[in-house]
Amino acid sequence: MSHPVITVSAVAFVRGDGDVLTVRKKGTSRFMLPGGKPEPGESAAEAAVREVREEVGIVLAHSELRLLGAWEADAANEPGHILDATVFTADLTGIPIAAAEIAELRWSSQADPLGDLAPLLRDRVIPALAQLPDRRV
């Protein structure tokens, strides 16, 4: 049985201490990277730039994005759905603020001591970040 697929783009912002900027959307319990679904005709990078601006108020240029990877993972907030995700890293160029559908921002440890990270972040992104030469972007 195939599962419905949701295409998303996201950006990992990593502080010097290794913590990752995560967001929790209104009405949900899992923390994830800022990002979301592309609009028709939008590239993965264009969607990531737009979603980051809408959700946390950080303005990025496409040239500031660095591809971290593309993966499939279980969707955190849509049971039975699979994410087809493209994830970028970028330097944080301002102070993030919760906007749009974001209820809460948090700098999350890559060790995930609270156990409330979305599957994509926990199972795909954090292991990829750990492989970077300086363990952060």
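As the structure is a computational prediction, the values presented were derived from the model and not from experiment. (Residues numbered from 1 in each chain as written. Predicted model: local features only at pLDDT ≥ 70, side-chain atom pairs only at ≥ 80, totals over all residues. Heavy atoms only, no water.)

Student: Where do I start with helix α2 (residues 119-130) in this structure?
Tutor: Given 3.6 residues per helical turn, the α-helix brings residues three or four places apart onto the same face. Between its terminal C-alpha atoms α2 stretches 16 Å, which fits the 16 Å expected from 12 residues at 1.5 Å a residue. Every buried residue of α2 is listed here: Pro119, Leu120, Leu121, Val125, Ile126, Ala128 and Leu129. (Helix = DSSP H or I, 4+ residues; strand = E, 2+ residues; numbered from the N terminus. Expected span 1.5 Å × (residues − 1). Buried < 20%, exposed > 50% of the residue type's maximum accessible area, 1.4 Å probe, protein only.)

Student: Any chance you could explain the packing of aromatic side chains here in plain terms?
Tutor: Each aromatic ring pair is described using two quantities: the centre-to-centre distance and the angle formed by the ring planes. One pass over the full model with this rule turns up zero aromatic pairs. The positively charged end of Arg106 is found above the aromatic ring belonging to Phe31, 3.8 Å away from the centroid. (Phe/Tyr/Trp six-rings, centres within 6.5 Å; stacked < 30°, edge-to-face > 60°. Lys NZ or Arg CZ within 6 Å of the ring centre and 35° of its normal.)

Student: Sorry if this is basic, but what is going on with the environment of Val56 here?
Tutor: Summarising the element assignment, Val56 is placed in helix α1 (residues 44-56). Along the chain, Val56 and Ile82 lie 26 residues apart, while their C-alpha atoms are 24 Å from each other.

Student: Help me understand the nonpolar core in this model?
Tutor: What tends to happen in soluble globular proteins is that the nonpolar side chains get buried as a cluster. Ranked by size, the top nonpolar core spans 21 residues in total, and within it Leu33, Val87, Leu120 and Val125 carry the most contacts. Mapped onto this core, the elements with two or more residues apiece are β1 (5-12), β4 (66-74), β5 (82-89) and α2. For this core, the element with the most residues is α2, which contributes six residues. Counting residues in hydrophobic clusters, the runner-up holds 16 residues, among them Ala48, Val52, Val56 and Leu60. (Core = buried A, V, L, I, M, F, W, Y, C linked by side-chain atoms within 4.5 Å.)

Student: Help me understand the side chain of Ser108, please; the structure alone is not making it clear to me.
Tutor: As for its placement among the helices and strands, Ser108 is situated in strand β6 (residues 102-108). Engagement of the side chain of Ser108 in a polar contact is seen with the side chain of Arg106, the distance being 3.0 Å. Once residues lying within four places of it in the same chain are set aside, the contact partners of Ser108 are Asp19, Val20, Thr22 and Leu117. (Polar contact = N/O pair within 3.5 Å; in protein donor to acceptor, adjacent residues only side chain to side chain. Contact = heavy atoms within 4.5 Å.)

Honestly, that's just the spatial picture; any functional story needs more than this.
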